[in-house]
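# Chains, contacts and geometry: an overview
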Amino acid sequence: MEKRKILIAAAWPYGNYSIHLGNLSSILPADVLARYHRLRGDDVLYVSGTDCHGTPITITAEKEKTTPEAVADKYHKEFCKGFLDDMDMSYDCYTTTTTENHKKVVSDLFLKLLEKEFIYKKKETLPFCTKCNRFLLDRYIEGVCGLCGALDARGDQCDACGEILEPSQLKDPKCKLCESVPEERETENFYLKLSAFQKDLEKFVKKSSGWRKNALKMTESMLSGGLKDRAITRDIEWGISVPVEGYEKKKIYVWFEAVIGYLSASCEARSDDWKEFWENKDALHYYLHGKDNVPFHTVVWPAMLMGYEGLHLPDRIFSSEYLNFEN
């Protein structure tokens, strides 16, 4: 039997909350796959890590009156003990998004897409909380989803319908922390030109196989509505700085940089031969995550890889449903 290069890319748990069954719904199947392919004699690279950036962590830090670094470090240590020691998960690399290696790979990909004009700057007006003195993005703002009408939709995504959102698509928006109604203020951000990949992504999805039905349905729904360019920088203090002179105070959006973690973790684990997994058309890449992660793994990440060129696209998408407790 021919030995094959297998990448197992398991969801990165957010470093803002203790281990829960939702983590295991993707990590456990990923570990089973990794062990299965090793038994077959395949060359397996099983990677993941703690997602240490983004507003979920800054919100937790503010509630606990501590720093984002302290929160991320606390839960990363817990995850390492829980996943590696207690549960004996067989990762080849379990890392974090705070390593210098990850920052370097993220900056490289950002600058390559910027050079090829798949990233551009745009001025816009965004919700600003005068009481908290900050722009309200992602989990700092909540409201009614303008697409499906669900309550408590966030400024970047609605968990009810799974759609990626912009804050402007929320009805009755309020600051999550103080519940104030925001005002509009101008700022400038970098955008990923998703619209440029519409046709290529349609072909990619049409040729795909081994995807869960929920992933296929959600992705086809996004594509049918026409892809819109997405802001990939934020006016926040915690995160990876934009690697462009004069914009260092802006941070790269967590869902742009976190998916790059699969690549940076591969480089960390196999510095000598990571290209055999990522520049190899005969490799097989599995992605395992919750269904709320679907758009970022089936649209945003493939578009980034297409723009960079020469890197392997996702093959199998295993997206679990939500686990509901107490209704």
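Residues numbered from 1 in each chain as written. Predicted model: local features only at pLDDT ≥ 70, side-chain atom pairs only at ≥ 80, totals over all residues. Heavy atoms only, no water.

## Observations regarding helix H2 (residues 55–63)
Where burial is concerned, most of H2 is hidden: seven out of the nine residues are buried. All of the buried residues in H2 are Thr 55, Pro 56, Ile 57, Thr 58, Ile 59, Thr 60 and Ala 61. The inward-facing, buried residues of H2 contact helix H3 (68–86). The first or second residue beyond H2 is Lys 65, which carries a positive phi of 55°. (Buried < 20%, exposed > 50% of the residue type's maximum accessible area, 1.4 Å probe, protein only. Helix = DSSP H or I, 4+ residues; strand = E, 2+ residues; numbered from the N terminus. Contact = heavy atoms within 4.5 Å.)

## Describing the packing of aromatic side chains
Enumeration over the complete set of coordinates arrives at 17 aromatic pairs. Plain terms: the ring middles of Phe 118 and Phe 197 are 4.8 Å apart, the flat faces sit at 45° to each other, and that makes the pair tilted. Linking Phe 118 in the loop between helix H4 (100–115) and strand E4 (119–129) with Phe 197 in the loop between strand E9 (183–192) and helix H5 (198–207), this pair joins segments that are 79 residues apart in sequence. Overall, the relative accessible area of 3% leaves Phe 197 in the buried class. Ring plane angle 45° and centroid distance 5.8 Å describe the contact between Tyr 286 and Phe 318, whose orientation is recorded as tilted. With Tyr 286 in strand E13 (residues 284–290) and Phe 318 in strand E14 (residues 316–320), this pair connects stretches of sequence that are 32 residues apart. For Phe 318, a relative accessible area of 23% corresponds to the partly exposed category. One cation-aromatic arrangement involves Lys 112 over Tyr 308; the distance from NZ or CZ to the ring centre is 4.2 Å. One cation-aromatic arrangement involves Arg 234 over Tyr 253; the distance from NZ or CZ to the ring centre is 4.0 Å. (Phe/Tyr/Trp six-rings, centres within 6.5 Å; stacked < 30°, edge-to-face > 60°. Lys NZ or Arg CZ within 6 Å of the ring centre and 35° of its normal.)

## Quick word on the packing of H2 against H3
Each pair of packed helices can be described by the angle between their axes along with the distance between the axes. The interhelical angle for the contact between H2 and H3, taken along N-to-C directions, is 105°, at an axis separation of 8 Å. The orientation of H2 with respect to H3, classified from their angle, is roughly perpendicular. Contact with H2, carried on its side by Ile 57, Thr 58, Thr 60 and Ala 61, involves Pro 68, Val 71 and Ala 72 of H3 and no other residues of that element. Grouping the constituent residues of the contact of H2 with H3 by class yields five nonpolar, two polar and no charged. (Axes fitted to C-alpha atoms, helices over the stretch in contact; angles between N-to-C directions. Parallel < 35°, antiparallel > 145°, perpendicular 65-115°, else oblique. Nonpolar A, V, L, I, M, F, W, Y, C, P; charged D, E, K, R; others polar.)

## A word on the sheet that holds E4
Pairing between sheet strands relies on hydrogen bonds along the backbone, with the strands arranged either parallel or antiparallel. Read across the sheet, four strands follow the order E5-E4-E9-E10 without closing on themselves; strand pairing throughout is antiparallel. A strand with exactly one partner marks an edge of an open sheet, and here the two such strands are strand E5 (134–135) and strand E10 (230–231). With two bridges joining them, E9 and E10 adopt antiparallel strand pairing. Paired with Leu 192 across the two strands is Arg 230, which belongs to E10. (Pairing = 2+ DSSP bridges.)

## Regarding the sheet that holds strand E8 (residues 170–175)
Across the sheet, three strands lie side by side as E7-E6-E8; this open sheet has antiparallel pairing. One side of each edge strand has no neighbouring strand; the edge strands of this open sheet are strand E7 (153–154) and E8. Alignment of strand E6 (residues 141–145) against E8, held across four bridges, turns out to be antiparallel. Each residue of the ladder has a partner; that of Val 144, found in E8, is Lys 171.

## Let's talk about the nonpolar core
Residues Phe 110, Leu 201, Phe 256, Tyr 262, Trp 278, Trp 301 and Met 304 are the most contacted members of the largest nonpolar core, which totals 60 residues. It is helix H10 (residues 294–308) that contributes the most residues to this core, 10 residues altogether. When residues no more than four places from it in sequence are discounted, the contact partners of Trp 301 are Leu 109, Val 259, Ile 260, Tyr 262, Leu 263, Trp 278, Tyr 287, Phe 296 and Pro 314. Counting residues in hydrophobic clusters, the runner-up holds 22 residues, among them Ala 10, Ala 30, Phe 79 and Phe 83. (Core = buried A, V, L, I, M, F, W, Y, C linked by side-chain atoms within 4.5 Å.)

## Remarks on a nonpolar patch on the surface
There is a patch of nonpolar side chains on the surface, built from Leu 21, Leu 323 and Phe 325 and spanning about 310 Å² of accessible area. On the secondary structure map, Leu 21 appears in helix H1 (residues 21–39). (Patch = residues over 30% accessible without salt bridge, like charges linked within 9 Å, V, L, I, M, F, W, Y side chains within 5 Å. Areas by Shrake-Rupley, 256 points an atom, 1.4 Å probe, with all protein chains shown as cover. Salt bridge = Lys/Arg side-chain N within 4 Å of Asp/Glu carboxyl O.)

## Digging into H4
Compared with an ideal rise of 1.5 Å per residue, which puts 16 residues at 22 Å, H4 spans 22 Å between its outermost C-alpha atoms and is within 8% of the ideal. Those residues of H4 that sit buried are His 102, Val 105, Val 106, Ser 107, Leu 109, Phe 110 and Leu 113. Phi turns positive, to about 65°, at Glu 117, one or two residues after H4. (Expected span 1.5 Å × (residues − 1).)

## Brief notes about the state of the cysteines
Any covalent bond linking the sulfur atoms of two cysteines counts as a disulfide. Going through the model one piece at a time under the given rule, you end up with zero disulfides. With no disulfide partner, Cys 132 has as its closest neighbouring cysteine sulfur the one in Cys 129, 3.7 Å distant. Assessed through its relative accessible area of 26%, Cys 132 is described here as partly exposed. (Disulfide = S-S within 2.5 Å.)

## Regarding the pairing of E4
Bridge analysis of E4 against E9 gives 10 bridges, and the strand direction is antiparallel. From the neighbouring strand, Glu 124 faces E9, where its bridge partner is Thr 187. Here E4 runs beside E5; their pairing, made up of two bridges, is antiparallel. Counterpart to Cys 129 in the pairing with E5 is Arg 134. Hairpin connection of E4 to E5: four residues between the antiparallel strands, including Asn 133 at a positive phi of 60°.

## Points about the pattern of salt bridges
Across all of its chains, the model carries 21 salt bridges by this definition. Close ionic contact of Asp 43 with Lys 5 constitutes a salt bridge, the shortest N to O distance being 2.5 Å. Here the residue Asp 43 occupies a position in strand E2 (residues 43–50), and Lys 5 occupies one in strand E1 (residues 5–10), the gap between them amounting to 38 residues. Using a relative accessible area of 18% as the deciding quantity, one classes Lys 5 as buried.

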